[in-house]
Amino acid sequence: TQLTQIETCCKETGKAFWQVIQESDCQERDVTPEQSFSDMQGMYRAMEQADAAYDPALRSASGMAGGDGDKFSAYRLRENRLLGDYLTEVMERALKMAESNACMKRIVAAPTAGSCGVIPAVLLSYASCRQASEERLVEALYVAAGIGEVIAASASIAGAEGGCQAEIGSASAMAAGALSYLEGGDCQEICHAAALALKSLLGLTCDPVAGW
């Protein structure tokens, strides 16, 4: 499946991007639209719970991860910071989710555990900044899922196979498409948002510093 196929389907059927992905999910798993939506809603709520359950006192087994999300939270409250409210909130949440993953807390792999912070951070921060409904945010998750499925089928979402670009690049593309949908983007604009995000991270490699 390519994004162009999804776009064509949207044009031919008049359905929204997320509805095309939901329909595919229903066919693949043999479930009703209601069950499909409930399952996706459960994943969104798990992201909410993982974010709310962040513990700054926890440290990973190596002792190298933990507590930095709390430092970024303090930075976000500073009046003289250069970055805007939404972006700093996204960065704070992404860091906290990544630390929770390193500390063996419950997270949602989206699309992988290594990139688990990106999509929750973007969507949860959007919810607080824009007061978006849970229903809209779950629809955005379908959009993200569709983009992730295309990347997984066409290339790779595994860091072990494709480096950081495969994990963070894929997650960023998924989040960009979801954000475009939430901001009123049509199918073509969603695809462009995903492509721009992914192209900006192509070539990203994993060069661990001091064991990270």
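Structure: above.
Parameters and conventions
- Residues numbered from 1 in each chain as written.
- Predicted model: local features only at pLDDT ≥ 70, side-chain atom pairs only at ≥ 80, totals over all residues.
- Heavy atoms only, no water.
- Helix = DSSP H or I, 4+ residues; strand = E, 2+ residues; numbered from the N terminus.
- Rg over C-alpha atoms; globule rule 2.2 N^0.38 Å.
- Buried < 20%, exposed > 50% of the residue type's maximum accessible area, 1.4 Å probe, protein only.
- Contact = heavy atoms within 4.5 Å.
- Areas by Shrake-Rupley, 256 points an atom, 1.4 Å probe, with all protein chains shown as cover.
- Patch = residues over 30% accessible without salt bridge, like charges linked within 9 Å, V, L, I, M, F, W, Y side chains within 5 Å.
- Salt bridge = Lys/Arg side-chain N within 4 Å of Asp/Glu carboxyl O.

Visitor: Please explain the overall build of the chain as it appears in this structure.
Guide: Per the secondary structure count, the chain includes 10 helices and zero strands. Counting helices and strands in the order they occur from the N terminus, the chain gives α-α-α-α-α-α-α-α-α-α. Expected size for 212 residues packed as a compact globule is a radius of gyration near 17 Å; at 17 Å, the chain falls within 12% of this value. Dimensions along the principal axes, computed over C-alpha positions, put the chain at roughly 50 × 35 × 35 Å. Burial statistics for the chain: of 212 residues in total, 43% are counted as buried. At a minimum sequence separation of 6, the contacts of the chain that also span at least 24 residues come to 64%. Split by element, the accessible area of the chain, about 11,100 Å² in all, is 54% carbon and sulfur.

Visitor: Could you clarify how one ought to interpret a nonpolar patch on the surface in this entry?
Guide: A contiguous nonpolar surface patch, about 230 Å² in accessible area, is contributed by L83, L87 and M91. Here M91 is to be found in helix α5 (residues 85–102). Residue classification places M91 among the partly exposed residues on the basis of a relative accessible area of 35%.

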